[in-house]
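Residue-level listing of the chains:
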Amino acid sequence: MAERPAGAEIPVATAESPAREAWRMFLRNRSAILGLVLLAAIVLISLFGPPLYGVDPFKIKGAPFTPPGVDPNVPLGTDHVGRDILAGMIGGGRATLAVGASAALMTVAIGLLVGAMAGYYGGLVDEILMRITEFFQVLPSLILAMVLVALFTPSLYMIAIAIGVASWQSTARLARAEFLRLKELEFVKAGRTIGATDKRLIWVVILPNALPPLIVSATLIVGVAILFEAGLSFLGLGDPNIMSWGLMIGSSREYIFDSWWSATFPGAAIFLSVLSVSLIGDGLNDALNPKLRER
């Protein structure tokens, strides 16, 4: 048997970290990358477009019902009162995306808190919290959100809160299932044996291991929240003083045959936003799911 030369280094196999492996798998998913690029473009346009374009979306810019491409001052045309459609598209994206992200954050926060408590403590706590979850689950989400917004002054914050209150149940059930599974594993029992508090076990030991499916769920909830906001604004329950894509569609619904572009362009923006979020969510699901990574 040949001897190793003096001074030669022994090769050491280095395992790739789970986060880096997940990121590498995400980058290999072309659909997810397409969704990420598309969402990034929409966010950048919504953030930096209004000051660059410099047109108030509520300002009358031209003659009503001007078709796209006729007047260079209004490239996408005007609506029934003469407002610039392009200005509304750029300005409305900021409000729509802000509500979607805020509502998703609130949904995950409520669902995670309820699911973590139910899954970790079990018993009577689990029974009470799951009965509350089932009560909210049988209520029509859109109608519940409409009632909450109608009871208070319509605003972006109220819409985000209403969506969060109406759509946290699936996240709570997912978090509960993960905590029920993880709390029986050896590393959690070891932490309990050495005297770790429930607070530490829940938020420091179990939660990081339960995050992958919750991250995927949160990503998909953003798309649902965007549709919720559009639906509420379409029904006239949005903030009339802040432009959004749903408000553009709702205010133009009676004139759809006279100016198809007034509803088509904001509708296309909503579709592309939800599509991009869905593609990212599918990519994250593939990247963060160990069984799918093995394939």
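Here the structure is shown first, and the text comes after it.
Residues numbered from 1 in each chain as written. Predicted model: local features only at pLDDT ≥ 70, side-chain atom pairs only at ≥ 80, totals over all residues. Heavy atoms only, no water.

Student: Is there a simple way to think about the overall build of the protein chain in this case?
Tutor: Each helix and strand in the protein chain was counted, giving 12 helices and 0 strands. Put simply, the protein chain runs from its N terminus to its C terminus through helices and strands in the order α-α-α-α-α-α-α-α-α-α-α-α. Scaling as 2.2 N^0.38, a compact globule of 295 residues should have a C-alpha radius of gyration of about 19 Å, whereas the protein chain reaches 24 Å, well beyond that. Along the longest, intermediate and shortest principal axes, the C-alpha atoms of the protein chain span 85 × 60 × 30 Å. A burial count over the protein chain gives 42% of its 295 residues as buried. Counting contacts in the protein chain only where the partners sit at least 6 residues apart, residues at least 24 apart contribute 70% of the total. Charged side chains of the protein chain number 22 positive and 22 negative; the gap between the two group centres comes to 5 Å. (Helix = DSSP H or I, 4+ residues; strand = E, 2+ residues; numbered from the N terminus. Rg over C-alpha atoms; globule rule 2.2 N^0.38 Å. Buried < 20%, exposed > 50% of the residue type's maximum accessible area, 1.4 Å probe, protein only. Contact = heavy atoms within 4.5 Å. Lys, Arg positive; Asp, Glu negative; His and termini not counted. Charge placed at Lys NZ, Arg CZ, Asp CG, Glu CD.)

Student: How should the packing of helix α10 (residues 245–252) against helix α11 (residues 260–288) be read in this particular structure?
Tutor: Think of two packed helices as two axes; the pair is described by the angle between the axes and how far apart they sit. The contact between α10 and α11 brings their axes to 8 Å, and the two run at 150 degrees. When the axes of α10 and α11 are compared, the crossing they make is left-handed. Where α10 abuts α11, its residues Trp-245, Gly-246, Met-248, Ile-249 and Ser-252 lie against Ser-262, Ala-263, Pro-266, Gly-267, Ala-269, Ile-270 and Ser-273. Here the contact of α10 with α11 is built from residues that sort into 7 nonpolar, 5 polar and no charged. (Axes fitted to C-alpha atoms, helices over the stretch in contact; angles between N-to-C directions. Left-handed = near helix turned anticlockwise from the far one by under 90°. Nonpolar A, V, L, I, M, F, W, Y, C, P; charged D, E, K, R; others polar.)

Student: Hey, could you run me through the environment of Asn-289 in this one?
Tutor: Locating Asn-289 in the fold gives a position in the loop between α11 and α12 (290–294). Residue class for Asn-289 comes out partly exposed when judged on its relative accessible area of 26%. Along the backbone, Asn-289 and Pro-212 are 77 residues apart, and their C-alpha atoms lie at a distance of 7.5 Å.

Student: Teacher, can you tell me more about the packing of aromatic side chains here?
Tutor: Think of a pair of aromatic rings as described by two things: how far the centres are apart, and how the planes are tilted against each other in angle. Taken as a whole and assessed by the stated rule, the structure comprises 7 aromatic pairs. Their ring planes at 15 degrees and their centres at 5.8 Å tell us that Trp-23 and Phe-26 sit as a pair that is stacked. Here Trp-23 pairs with Phe-26, and both are found in helix α1 (residues 18–27), just 3 residues apart, close to one helical turn. Assessed through its relative accessible area of 48%, Trp-23 is described here as partly exposed. (Phe/Tyr/Trp six-rings, centres within 6.5 Å; stacked < 30°, edge-to-face > 60°.)

Student: How should I be thinking about the environment of Pro-154 in this particular structure?
Tutor: With respect to the helices and strands, Pro-154 occurs in the loop between α5 (141–151) and α6 (156–166). When the C-alpha atoms of Pro-154 and Asp-239 are compared, they prove to be 5.2 Å apart, with 85 residues separating the residues in sequence. Setting aside residues no more than four positions away along its own chain, Pro-154 makes contact with Val-149, Leu-237, Gly-238 and Asp-239.

Student: Just checking my understanding: could you explain unusual backbone geometry for this structure?
Tutor: Glycine aside, the phi torsion of most residues is negative, and most peptide linkages are trans. We note that Phe-65 has phi near 60 degrees; this positive angle belongs to a residue other than glycine. Turning to its location among the elements, Phe-65 is positioned in the loop between α2 (30–53) and α3 (85–121). By relative accessible area, Phe-65 is classed as partly exposed at 29%.

Student: Explain α10 to me, please; I cannot follow it from the model alone.
Tutor: Turn by turn, an α-helix covers 3.6 residues, leaving residues three or four places apart pointing in a common direction. With 7 of 8 residues buried, α10 lies mostly within the body of the structure. Of the residues making up α10, those classed as buried are Trp-245, Gly-246, Leu-247, Met-248, Ile-249, Gly-250 and Ser-252. Taken together, the buried residues of α10 touch α2, α3, α9 (198–234) and α11.

Student: Honestly, the nonpolar core in this entry has me stumped. Any pointers?
Tutor: Across soluble globular proteins, nonpolar side chains have a tendency to be buried as a group. Ala-145, Val-149, Ile-159, Ile-163 and Leu-232 are the most contacted members of the largest nonpolar core, which has 18 residues in total. Breaking this core down by element, the ones donating at least two residues are α3, α5, α6 and α9. The dominant element in this core, judged by the number of residues it contributes, is α6, at 7 residues. Trp-245, Trp-261, Ala-263 and Ala-269 belong to the second largest nonpolar core, which has 16 residues in total. (Core = buried A, V, L, I, M, F, W, Y, C linked by side-chain atoms within 4.5 Å.)

No statement about biological role is implied by the geometric values presented.
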